[in-house]
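Summary of the model geometry
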Amino acid sequence: MARDQAEPTVPKKLSGRLPAHSYHHSCGYSGVLNPRIGGNVGSKLLVDTAPDRYELFLLGEGEKKVTLEVETRVPNAALFTFNKEDHTLGNLLRDKLTRSPHVLFAAYQVPHPLFAVFKLRVQTNGEVTPKQAVVQACNDLVKELQTLDQEFTKEWELKKISQESGGERF
């Protein structure tokens, strides 16, 4: 390289890390730099990287709520992938399916806790397909939750009426 051309400067590594000032600019932090502790003091993130709350449960364009993959190694088995759902629905479905007389096996897995996806594996005895078993379990859960909602609303209204008539307060 000729003497009149300047060499490009590359940040030097210090004890396996980039210098604090390089780290500061690459991560979008603001705060006071303190090279003795290798970073920022009193820093905060400038850019909010968390997804909007509605993105955790609303499907994007072209996204499917449930996908079905037939299991070829085990008879009468399938793997369902539920998108934008978590342990709440996974555990409810697993419990409902294991109580069904036609289901031999039902289990779910959340591949990563940061992504709202779970995989449900179902094996039946052959009298019903795994898809029919899952649909029936979903229908049963909806009926149970509707009953729970009705009972809760009824009890809530009765409590309000008793408080208005001078009953005891909680």
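Residues numbered from 1 in each chain as written. Predicted model: local features only at pLDDT ≥ 70, side-chain atom pairs only at ≥ 80, totals over all residues. Heavy atoms only, no water.

An unreviewed UniProt entry lists the protein chain under the name DNA-directed RNA polymerase II core subunit, with Friedmanniomyces endolithicus as the source organism. The UniProt entry for the protein chain carries the following comment under Subcellular location (unreviewed entry): "Nucleus". (UniProt positions renumbered as here; feature names shortened; annotations may be inferred.)

1. Digging into the packing of helix H2 (residues 87–98) against helix H3 (residues 130–164)
Packed helices, taken two at a time, are described by the angle between their axes plus the distance between the axes. Contact geometry of H2 with H3 gives a least axis separation of 9 Å together with a crossing angle of 110 degrees. Considering their axes alone, H2 and H3 lie roughly perpendicular with respect to each other. On H3, the residues that touch Leu 92, Leu 93, Lys 96 and Leu 97 of H2 are Ala 133, Val 134, Ala 137, Cys 138, Asp 140, Leu 141 and Glu 144. The residue makeup of the contact of H2 with H3, split by class, is 8 nonpolar, no polar and 3 charged. (Axes fitted to C-alpha atoms, helices over the stretch in contact; angles between N-to-C directions. Helix = DSSP H or I, 4+ residues; strand = E, 2+ residues; numbered from the N terminus. Parallel < 35°, antiparallel > 145°, perpendicular 65-115°, else oblique. Contact = heavy atoms within 4.5 Å. Nonpolar A, V, L, I, M, F, W, Y, C, P; charged D, E, K, R; others polar.)

2. A word on H3
Here H3 is 35 residues long and its end C-alpha atoms lie 51 Å apart, about the 51 Å a rise of 1.5 Å per residue gives. Along H3, the residues that are buried comprise Pro 130, Ala 133, Val 134, Ala 137, Leu 141 and Gln 163. The elements touched by buried residues of H3 are strand S4 (77–83), H2, strand S5 (103–109) and strand S6 (117–124). Taken from the residues just after H3, Gly 166 is the one with a positive phi, measuring 95 degrees. (Expected span 1.5 Å × (residues − 1). Buried < 20%, exposed > 50% of the residue type's maximum accessible area, 1.4 Å probe, protein only.)

3. A word on the layout of surface pockets
Taken as a whole, the largest pocket encloses approximately 160 Å³ of empty space. Looking at the lining of the largest pocket, its residues break down into 8 nonpolar, 1 polar and 2 charged. (1 Å grid on protein atoms, 1.4 Å probe; cavity = no way out; pocket = protein on both sides within 12 Å on 5 of 7 lines; lining within 4 Å. Points joined across faces, edges and corners; volume = space filled by probe spheres on them.)

4. Some details on unusual backbone geometry
Not every positive phi belongs to a glycine, and Asn 76 is a case in point at roughly 55 degrees. Within the fold, Asn 76 resides in the loop between strand S3 (66–70) and S4.

5. Let's talk about the packing of aromatic side chains
In total, this model carries 3 aromatic pairs according to the counting rule given. A centroid spacing of 4.6 Å and a plane angle of 5 degrees characterise the contact between Phe 82 and Phe 118, whose relative ring orientation is stacked. Residue Phe 82 is located in strand S4, and its partner Phe 118 is located in strand S6; the two are separated by 36 residues in the primary sequence. The residues Phe 82 and Phe 118 share a single accessibility class, namely buried. These aromatic residues form a ring-pair network of at least three members: Phe 82, Tyr 108 and Phe 118. (Phe/Tyr/Trp six-rings, centres within 6.5 Å; stacked < 30°, edge-to-face > 60°.)

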